Amino acid sequence: MNYWDNTNPIYSEFAKQEGATGAQQLGWNDEACQARCFDVLMGLATDFSGPLTGKTVHDAGCGYGDLLARVRGAGAHYIGSDCMEASVQKARQLHESADFRHLNLLVQPVPEADVTVVCGALAFYPHDLVERMLQRFWVATRETLVFTSWWNVPPDWDNYKPTKQVQKSIDAFLRKNGSRRRKVFDYGNKYEIAIALSR
Ligand SMILES: C[S@@+](CC[C@H](N)C(=O)[O-])C[C@H]1O[C@@H](n2cnc3c(N)ncnc32)[C@H](O)[C@@H]1O
């Protein structure tokens, strides 16, 4: 995988699955799992930032923009970004009036926002790049950063090996930056948690 340009073969493979729903094309087990995660992430954002009315929410690694309805439902302005051109195109087709940007957030400027939601976009990155991405997201966030990460994945799990190192990097990032308020939430998706930190 070349992290530095916009090729991500893992997501391209997910997208090709025969008969897959939109959520499955993005790597979710199903829509219910995606919805549960979105509810948890938006709940954490509101816990820390208060009502989101009038605030800007950046959906970093937005896929097809499925979070948009929840963000608009909360009265917030939405920015979605993704490094996969095909996903951004599909998001624009599905939601014509929304602000979708084709960005590789590892290297291109991260849009500034009151709240940054990172749902699944850190998956498959090695630990040093996870830490780099989190730092970049945090700098661009005025209030609250919420993100998901795999956690305590068994060593024999084929899809993903370096989980312990990733966990250490996230812990180090939180120690450095999350001293004010942070919360870790297991939302019932096997091996995945949601984490929020706020200024
Ligand atoms: C598991 S999918 C989740 C998509 C969406 N957040 C959702 O939950 O429906 C992760 C997304 O992150 C995007 N992504 C991964 N690395 C990225 C990067 N460096 N910059 C922007 N997007 C990235 C992928 O292209 C993919 O669409």
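These numbers were taken from a predicted model, which means no experiment stands behind them.

(A) Quick look at helix α3 (residues 31-49). In this model α3 runs 26 Å from its N-terminal to its C-terminal C-alpha over 19 residues, within 8% of the 27 Å that 1.5 Å per residue would give. Of all the residues in α3, the buried ones are Cys33, Gln34, Cys37, Phe38, Val40, Leu41, Met42, Leu44, Ala45, Phe48 and Ser49. For α3, the side-chain oxygen to backbone nitrogen distance between the N-cap and alanine 32 is 3.2 Å, and the N-cap itself is aspartate 30. Downstream of α3 by a residue or two, glycine 50 has a phi angle that is positive, lying close to 80°.

(B) Region of the structure containing the site of the ligand. Neighbouring the ligand are 20 residues, the closest being Gln34, Gly61, Asp82, Asn104 and Tyr125. Note that a nitrogen atom of the ligand is positioned 2.9 Å from one of the backbone N or O atoms of cysteine 119. A total of 590 Å² of accessible area belongs to the ligand in isolation, and the protein chains cover 97% of it. Here the ligand occupies the largest pocket. Considered class by class, the residues forming the shell around the ligand number 14 nonpolar, 5 polar and 1 charged.

(C) Fine view of the pattern of salt bridges. Overall, the coordinates contain 7 salt bridges when judged by the stated rule. Notably, a salt bridge pairs glutamate 13 with lysine 16, separated by 2.9 Å at the nearest N-O pair. Note that glutamate 13 and lysine 16 are positioned in helix α1 (residues 9-16) at a spacing of 3 residues, about one turn of the helix. Overall, the relative accessible area of 58% leaves lysine 16 in the exposed class. Between aspartate 114 and arginine 142 there is a salt bridge whose closest N-O contact spans 2.8 Å. With a gap of 28 residues between them, aspartate 114 in strand β4 (residues 113-118) and arginine 142 in strand β5 (residues 141-150) connect regions that are remote in the sequence. Residue arginine 142 is classed as partly exposed on the basis of its relative accessible area, which comes to 44%. Salt bridges here are not isolated pairs; linked through shared partners, they connect Glu112, Asp114 and Arg142.

About the cut-offs
Residues numbered from 1 in each chain as written. Predicted model: local features only at pLDDT ≥ 70, side-chain atom pairs only at ≥ 80, totals over all residues. Heavy atoms only, no water. Helix = DSSP H or I, 4+ residues; strand = E, 2+ residues; numbered from the N terminus. Expected span 1.5 Å × (residues − 1). Buried < 20%, exposed > 50% of the residue type's maximum accessible area, 1.4 Å probe, protein only. Polar contact = N/O pair within 3.5 Å; in protein donor to acceptor, adjacent residues only side chain to side chain. Near = heavy atom within 4 Å. Areas by Shrake-Rupley, 256 points an atom, 1.4 Å probe, with all protein chains shown as cover. 1 Å grid on protein atoms, 1.4 Å probe; cavity = no way out; pocket = protein on both sides within 12 Å on 5 of 7 lines; lining within 4 Å. Sits in = over half its atoms within 2 Å of the grid points. Nonpolar A, V, L, I, M, F, W, Y, C, P; charged D, E, K, R; others polar. Salt bridge = Lys/Arg side-chain N within 4 Å of Asp/Glu carboxyl O.

Note that all results are geometric; they support no functional claim without further evidence.
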